[in-house]
Amino acid sequence: MQRGNLDDLQALVAVGHERSFTKAAAKLGVSQSALSQTIRQLEARIGVRLLTRTTRSVSPTEAGERLLRTVAPRLEEIEAGLAAVSELREKPAGTIRITAGDHAIETILWPKLAKFLASYPDIKLEIVIDYGLTDVAAERYDAGVRWGEQVAKDMIAVRIGPDIRFAAVGAKSYFAKRPVPKTPQDLIGHNCINLRLPTYGGLYAWEFERGGREVRVRVEGQLIFNGVFQVLNAALAGFGLAYVPEDLAQSHIAKGRLKRVLEEWCPPWSGYHLYYPSRRQSSAAFSLLVDALRYRR
């Protein structure tokens, strides 16, 4: 097969996966017009329309779907083979893509990765902040980060951090005008700062547990963020109650900037885990990264 043909097929797979010329072009590092021209040339060469284009969307035709089902797995095998051969290099190299939430990146990943990158200058990392429960295989990530309870059973999970607790907190200025909640149900009458989870398109329901009894409360308030650090800052400014990882709030609680409530309802949960497909053929670079991130008590 000519190299050009392989590039054309990679272009088709990218567009078929993203359902967008704009997103596929960004992923491939080419212009949208060049990508569109590549697809048209491929369709002209084989004499079949592969994509249906409208002003709002792009979708594979029946022929396109059939070709994608055949080609996409083969291209993944080729990439895995190339990665395996690259391991013969003297130094580990390659690009590793990871998706994680901002709290995990700031508190777990980056402190370890900063040392890791200094030791392996030929390894490149792309880290994407995402609160969704990302399908790393479908989105072509090498790995993702979730709490242990959230990792799908068909994934390999490696613990990278200690158990984690959440804390419900509010500023003193907030409590000057509001009563302190005694039970999770009392949160219904409070102005709470919400966190949006893109996977479900909805808001995170605050999770509590006491004496084996689990309670999930869908709180309401004036503010919604898609990042936990912004939630914390809004609470510090007195705009409402926040439910954030304990380690983020601890110093503010100790200095009296925040008051913690419902502490007895916040048990420890399984900490952050790195997860990746069990069928993934690990490169030397990826194996080194997993070992660097592994949690050691």
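Procedures and definitions
Note on numbering: residues in each chain are counted from 1, in written sequence order. Local features are withheld for residues below a pLDDT of 70 in this predicted model, meaning they are given only at 70 or higher, and side-chain atom pairs are given and counted only at 80 or more; totals for whole chains, interfaces and linings count all residues. Remark: hydrogens and water are excluded; side-chain values derive from all non-hydrogen atoms of the structure. Any Phe, Tyr or Trp ring, taking Trp's six-membered ring, that has another such ring centre within 6.5 Å forms a pair; planes under 30 degrees apart are called stacked, those over 60 apart edge-to-face, and the others tilted. The helix count covers DSSP runs of H or I at least four residues long, the strand count covers runs of E at least two residues long, and both are numbered beginning at the N terminus. Residue exposure (1.4 Å probe, protein chains only): buried if accessible area is under 20% of the type maximum, exposed if over 50%, otherwise partly exposed. Both a distance and an angle decide whether a charge sits over a ring: NZ of Lys or CZ of Arg must be within 6 Å of the ring centre and within 35 degrees of the ring normal. Throughout, an axis means a line fitted to C-alpha atoms (over the contacting stretch in the case of helices), and angles, computed between N-to-C directions, take values from 0 to 180 degrees. Any angle from 65 to 115 degrees is called roughly perpendicular, while one under 35 is roughly parallel, one over 145 is roughly antiparallel, and all others are oblique. Should any heavy atoms of two residues lie within 4.5 Å, those residues are considered in contact. Throughout this entry, Asp, Glu, Lys and Arg are counted as charged residues, while Ala, Val, Leu, Ile, Met, Phe, Trp, Tyr, Cys and Pro are counted as nonpolar. The remaining residues, Gly among them, count as polar.

K.L.:
Mind laying out the packing of aromatic side chains, listing which residues take part and the relevant values?
P.N.:
In this structure the tally under the stated criterion is 11 aromatic pairs. Measuring from ring centre to ring centre gives 4.9 Å for Phe208 and Tyr243, while their planes differ by 45°; the resulting arrangement is tilted. Here the residue Phe208 occupies a position in strand β10 (residues 206-210), and Tyr243 occupies one in strand β13 (residues 242-245), the gap between them amounting to 35 residues. The two residues Phe208 and Tyr243 agree in class, both being buried. Aromatic pair Tyr276 and Phe286: ring centres 5.0 Å apart, planes at 85°, arrangement edge-to-face. Of the two residues, Tyr276 sits in strand β15 (residues 272-277) while Phe286 sits in helix α9 (residues 284-293), which places them 10 residues apart along the sequence. Accessibility classification places Tyr276 together with Phe286 in one group, the buried group. Across from the ring centre of Tyr141, 4.3 Å away, lies the NZ or CZ of Arg97, which sits over that ring.

K.L.:
Could you give me a rundown of the packing of helix α5 (residues 102-119) against helix α7 (residues 228-236), with the residues and numbers involved?
P.N.:
Contact geometry for α5 and α7: axes closest at 7 Å, N-to-C directions at 95°. Taken as axis vectors, α5 and α7 run roughly perpendicular relative to one another. Across from Asp102, His103 and Glu106 in α5, the residues of α7 making contact are Val228, Phe229 and Gln230. Of the residues that constitute the contact of α5 with α7, the class distribution is two nonpolar, two polar and two charged.

K.L.:
Lay out the environment of Val71 with the relevant residues and their values.
P.N.:
For Val71, the position within the fold is in helix α4 (residues 62-86). Sequence separation of Val71 and Tyr272 is 201 residues, and the distance between their C-alpha atoms is 35 Å. When neighbours within four sequence positions are excluded, Val71 is seen to be in contact with Leu9 and Val13.

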